[in-house]
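# A look at the structure
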Amino acid sequence: ELSQAVVDAGAVPLLVLCIQEPEIALKRIAASTLSDISKHSPELAQTVVDAGAIAHLAQMILNPDAKLKRQVLSALSQIAKHSVDLAELVVEAEIVPVVLTCLKDSDEYVKKNGATLIREIAKHTPELSQLIVNAGGVAAVIDCIGSCKGTVRLPGIMMLGYVAAHSENLSMAVIVSKGIPPLCACLIEEREDHIKAAAAWALGQVGRHTPEHARAVAVANVLPILLAMYMDTRSSEDLQMKATLKNILQKCTYLPALEPLMRDAPPNIMKHVVGQFSKVLPHDSKARRLFVTNGGLKKVQEIQAEPGSLLQEYINTINNCYPEEVVR
């Protein structure tokens, strides 16, 4: 309501004039005000757009003043976040290549706000994500995550998750650009649960499409780390939810990555692990032999499954791959 009152008083066109004044301090505070008006609703953001703010903001992304750049990137993010249409209007101002240079800025907040703007554009549609990918956006964000620590990483992590979530091809773009190692690094290095949770979620989005995607994540040795976080009683609820592995497991047919989980997984995760073995073993004689020699089959016999449950079905399928005396 308060922002609406400011708009109704006719302030927006005057604020757009203020961002064109030569005085840097005035530009900063006017950009910051436009950001605060835009953030609440698509309608309020639209009034800022209708006053012609985007073109003037876009021109200032290259301004040498870091504090001004922070505010400008923030304002464009707050406009782009609401809808596909608003995000497209921001993109049409040809901001993408310029924003990517901000990800290399020496100012942490310029980096963070630049990554946030890219995230708010990429999250809407596969087409907008593809546009960012084509401009080199995924590689730039991955470099940015690698070069900073803490909350500055968060928008970049989320951006990779949104891009990967849209489609198999976009997820593959994250894999090919070597996005998995920095996401793993965030899981291991970061102290705060909400950053770990974002990395776990992003890895889940990358791995959930096909066996090939799941394998790319599994080979990075992520699954035991996620499992440990899932089972750690000190993990936040959100982190436990994001670290469930389910997305990746349901597609993962790369057995060497699944075997370590057989030791420690709780029943609700074990169900998915055993389920994947029951899909692969009937068709792969080499895997069947390995499964006996490395103790996998023995472990399966120790699982207490409810009669008639899905888990019991999986176990039966695995046991049926072997002669009865081997199972005994």
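Definitions and cut-offs
Residues numbered from 1 in each chain as written. Predicted model: local features only at pLDDT ≥ 70, side-chain atom pairs only at ≥ 80, totals over all residues. Heavy atoms only, no water. Helix = DSSP H or I, 4+ residues; strand = E, 2+ residues; numbered from the N terminus. Contact = heavy atoms within 4.5 Å. Areas by Shrake-Rupley, 256 points an atom, 1.4 Å probe, with all protein chains shown as cover. Lys, Arg positive; Asp, Glu negative; His and termini not counted. Charge placed at Lys NZ, Arg CZ, Asp CG, Glu CD. 1 Å grid on protein atoms, 1.4 Å probe; cavity = no way out; pocket = protein on both sides within 12 Å on 5 of 7 lines; lining within 4 Å. Points joined across faces, edges and corners; volume = space filled by probe spheres on them. Nonpolar A, V, L, I, M, F, W, Y, C, P; charged D, E, K, R; others polar. Buried < 20%, exposed > 50% of the residue type's maximum accessible area, 1.4 Å probe, protein only. Arc of directions from axis to C-beta. Salt bridge = Lys/Arg side-chain N within 4 Å of Asp/Glu carboxyl O. Phe/Tyr/Trp six-rings, centres within 6.5 Å; stacked < 30°, edge-to-face > 60°. Disulfide = S-S within 2.5 Å.

### Details of the overall build of the protein
Along the backbone of the protein there are 25 helices and 0 strands. Considering only contacts in the protein between residues 6 or more positions apart, those separated by 24 or more positions represent 68%. Roughly 15300 Å² of accessible area belongs to the protein as shown, and the carbon and sulfur atoms make up 53% of that amount. Computing the positive centroid from 32 side-chain charges and the negative centroid from 35, the protein places the two 8 Å apart.

### Some remarks on the layout of surface pockets
Considered as a void within the structure, the largest pocket measures approximately 150 Å³ in volume. Forming the walls of the largest pocket are T253, Y254, L255, P256, E259, V280, D284, K286, A287 and L290. Going through the elements one at a time, α20 (255–264) and α22 (285–293) are the ones with two or more residues in the lining of the largest pocket. Looking at side-chain class alone, the lining of the largest pocket contains 6 nonpolar, 1 polar and 3 charged residues.

### Describing helix α2 (residues 11–18)
Listed as buried for α2 are A11, V12, L15 and V16. An end-on view of α2 places all buried positions within 140° of arc, on one side of the element. Structural note: α2 exposes L14 and L17 on the side pointing more than 90 degrees away from its buried face. Each element contacted by the buried residues of α2 is listed here: α1 (2–8), α3 (24–38), α4 (42–50) and α5 (53–59).

### Focus on the pattern of salt bridges
A full pass over the atoms with the stated rule returns 13 salt bridges. For E324, the salt bridge is made with R328, and the minimal N-O distance between the two is 3.1 Å. Sharing partners across several salt bridges, the network here consists of K149, R153, E189 and E190.

### Thoughts on the packing of aromatic side chains
Taken as a whole and judged by the stated rule, the model has 2 aromatic pairs. Taking 5.3 Å as the distance between ring centres and 75° as the angle between the ring planes, the aromatic pair formed by Y162 and W201 counts as edge-to-face. Linking Y162 in helix α12 (residues 154–166) with W201 in helix α15 (residues 193–207), this pair joins segments that are 39 residues apart in sequence. Here Y162 falls in the partly exposed class, since its relative accessible area comes to 25%. For W201, a relative accessible area of 22% corresponds to the partly exposed category.

### Side note on the state of the cysteines
A covalent bond between the sulfur atoms of two cysteines is referred to as a disulfide. With the rule as written, the count across this model stands at 0 disulfides. Note on C186: no disulfide assigned, nearest cysteine sulfur contributed by C148 at a separation of 8.0 Å. Its relative accessible area of 0% is what places C186 among the buried residues.

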